[in-house]
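The residues making up each chain are set out below.
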Amino acid sequence: MANIAPYSEKVMDHFTNPRNMGELPDANAIGEVGNPACGDMMRLYLKIEDGVIADVKFKTFGCGAAIASSSMMTEMIKGKPVEYAASLTNQEVADALDGLPPVKIHCSLMAEEALKSALDDYEKRLAEKAMKS
Ligand code: FES
């Protein structure tokens, strides 16, 4: 069937078959963001072990581009050091999807912001643990 959407095959693939979707009961970092432009939301669960993203899951209530960006982002960070995840940009996620239409770039920003929010949460938990010990 011809691809009539202005989306790459990779976007369509990650939208119709999202990777790492769901919740992570043993997450030690959780990020949550909302996109004020459209009201969409994303929650990201990370399990960080020895400075590495050992596992990751997401739940996105949003458009196809946001779901595809979330899915691609989780694939890009799984098994990678925290420093790599911290430096990942939405443009890199969009590039890995073979691009997004310009009006949909803001959707990939939600994936980057959820990741930053989760990493902030992780730092906060580490600091709280250090204070208690
Ligand atoms: Fe809301 Fe794409 S339109 S994230």
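Everything numeric here is computed off the predicted structure, so don't read it as measured data.

(A) Local environment of unusual backbone geometry. Residue Asn 20 is not a glycine yet carries a positive backbone phi of 60°. One non-glycine residue, Asp 50, lies in positive phi territory at about 50°. Summarising the element assignment, Asp 50 is placed in the loop between β2 (40-49) and β3 (52-61). What makes Asp 50 exposed here is its relative accessible area of 80%.

(B) Summary view of the environment of Glu 32. Structurally, Glu 32 can be placed in strand β1 (residues 29-35). Of the residues examined, Glu 32 reaches a relative accessible area of 48% and is grouped as partly exposed. Put simply, Glu 32 and Met 73 are 41 residues apart on the chain and 15 Å apart in space, counted from C-alpha to C-alpha. Other than its neighbours up to four places away in sequence, Glu 32 contacts Met 42, Arg 43 and Ser 117. Here Arg 43 takes part through its side chain, which lies 2.5 Å from a polar atom of the side chain of Glu 32.

(C) Fine view of the pairing of β1. Alternating positions in β1 separate cleanly, Ala 29, Gly 31, Val 33 and Asn 35 being buried on one face and Ile 30, Glu 32 and Gly 34 remaining unburied on the opposite face. Counting the residues that bridge the hairpin from β1 to β2 gives four residues, and of these Gly 39 lies at a positive phi of roughly 85°.

(D) Spotlight on the side chain of Asn 35. Within the element layout of this structure, Asn 35 appears in strand β1. For Asn 35, a relative accessible area of 11% translates into the label buried. Among the polar contacts listed, one links the side chain of Asn 35 to the side chain of His 106, at a separation of 2.9 Å. Other than its neighbours up to four places away in sequence, Asn 35 contacts Asp 40, His 106 and Met 110.

(E) Representation of the pattern of salt bridges within the structure. According to the stated counting rule, one finds nine salt bridges in the structure shown. The residue Lys 10 makes a salt bridge to Asp 98 at a minimum N-O spacing of 3.8 Å. Of the two residues, Lys 10 sits in helix α1 (residues 9-16) while Asp 98 sits in the loop between α4 (90-96) and α5 (105-132), which places them 88 residues apart along the sequence. Overall, Lys 10 belongs to the partly exposed group, its relative accessible area being 36%.

Conventions and cut-offs
- Residues numbered from 1 in each chain as written.
- Predicted model: local features only at pLDDT ≥ 70, side-chain atom pairs only at ≥ 80, totals over all residues.
- Heavy atoms only, no water.
- Helix = DSSP H or I, 4+ residues; strand = E, 2+ residues; numbered from the N terminus.
- Buried < 20%, exposed > 50% of the residue type's maximum accessible area, 1.4 Å probe, protein only.
- Contact = heavy atoms within 4.5 Å.
- Polar contact = N/O pair within 3.5 Å; in protein donor to acceptor, adjacent residues only side chain to side chain.
- Pairing = 2+ DSSP bridges.
- Salt bridge = Lys/Arg side-chain N within 4 Å of Asp/Glu carboxyl O.

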